[in-house]
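Fold and geometry: a report
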Amino acid sequence: MDSAAIAAAKKKAAAEEKAKLPKPYNAEESAEAKIAELVKQAKAENKNIILQAGGNWCIWCLRFNNFVQTTPELKQVVDDNYLYYHLNYSPENKNAKVFAKYDNPGEKFGYPVFVVLDKNGKMIHTQDSAVLEEGKGYSTEKVKEFFLKWTTKS
């Protein structure tokens, strides 16, 4: 097989994978309003907030979301300790004002990138997702360690 055929096959496989994965990002939602709502809820529930920045166009963003949702021990850590929000970045809605507030992490790290906010909405950590990868996916241990490190209890 020549390199063009290999590249075309890889592109087709990625498109098929992307089509099957849940699409958690909402380009039409007001991220500012949603985050303000989450901060109120976080105070009431004593939880931190994780913003998973990316978009439905990003295969690694979709993979991460699916990985957490389908890995019971990770889903449990998230559900017990965080409010989780998929912060959209796409051509239709770049959420420039919100991204600027958090130092434009996508420009530094690419997508997905994670911003951890304390229960008052203050940014306490930015996490590059590349260090959580393993093969064509993510490492359960590395992701769990990241999640546990930034809870209100840690």
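The structure presented is a predicted model; accordingly, all values stated were derived computationally and were not measured.

Observations regarding the state of the cysteines
Overall, the coordinates contain one disulfide when judged by the stated rule. Covalently, C58 is tied to C61 through a disulfide, its sulfur atoms 2.4 Å apart. Judged by the sign of its S-S torsion, about 80°, the cystine formed by C58 and C61 is right-handed. Just as C58 is buried, C61 falls in that class too.

As for the packing of aromatic side chains
Using the criterion set out here, one finds 12 aromatic pairs in the structure. Ring centres of W60 and Y138 lie 5.5 Å apart, and the angle between their planes is 85°; this geometry places the pair in the edge-to-face category. With W60 in helix 3 (residues 59-70) and Y138 in strand 6 (residues 137-138), the pair connects residues that are 78 residues apart, well separated along the chain. Measuring from centroid to centroid gives 5.3 Å for F146 and F147, while their planes differ by 35°, and the two rings are tilted. Accessibility assignment for this pair places F146 and F147 in one class, buried. Among the aromatic side chains, those forming a connected cluster through ring pairs are W60, F64, F67, Y82, F114, Y138, F146 and F147. The lysine or arginine in question, R63, covers the ring of W60, its NZ or CZ lying 4.7 Å from the ring centre.

Structural notes on the packing of helix 4 (residues 72-81) against helix 7 (residues 140-149)
At their nearest, the axes of helix 4 and helix 7 sit 10 Å apart, and the two run at 10° to each other. Taken together, the axes of helix 4 and helix 7 are roughly parallel relative to one another. Together, E73, L74, V77 and V78 of helix 4 and T140, V143, K144, F147 and L148 of helix 7 make up the contact between the two elements. Looking at the contact of helix 4 with helix 7, its residues break down into six nonpolar, one polar and two charged.

About the thresholds
Starting from 1, residues in each chain are numbered consecutively following that chain's sequence as written. Under the rules for a predicted model, residues below a pLDDT of 70 receive no local features and side-chain atom pairs below 80 are neither given nor counted, while totals for whole chains, interfaces and linings still include all residues. Excluding hydrogens and water, the side-chain figures rest on all heavy atoms present in the structure. Count a disulfide wherever a pair of cysteine sulfur atoms falls within 2.5 Å. Relative accessible area decides the class of each residue, using a 1.4 Å probe on protein chains only: under 20% of the type maximum gives buried, over 50% gives exposed, and in between gives partly exposed. Classification of ring pairs rests on two measures: the distance between centres of Phe, Tyr or Trp rings, Trp counted by its six-membered ring, which must be within 6.5 Å, and the angle between planes, read as stacked under 30 degrees, edge-to-face over 60 and tilted in between. We count a stretch as a helix when DSSP gives it H or I for four or more residues in a row; a strand needs E for two or more, and each element gets its number in order from the N terminus. Only when the NZ of Lys or the CZ of Arg is both within 6 Å of the ring centre and within 35 degrees of the ring normal is a charge said to sit over the ring. Interaxial angle, 0 to 180 degrees, is taken between N-to-C directions of lines fitted to C-alpha atoms, where a helix line uses only the stretch in contact. If an angle is under 35 degrees, it is roughly parallel; if it is over 145, roughly antiparallel; if it lies from 65 to 115, roughly perpendicular; otherwise it is oblique. Only heavy atoms enter the contact rule, under which two residues are in contact if any of them lie within 4.5 Å. In the scheme used here, Gly and all other residues not listed as nonpolar or charged are polar, with Ala, Val, Leu, Ile, Met, Phe, Trp, Tyr, Cys and Pro taken as nonpolar and Asp, Glu, Lys and Arg as charged.

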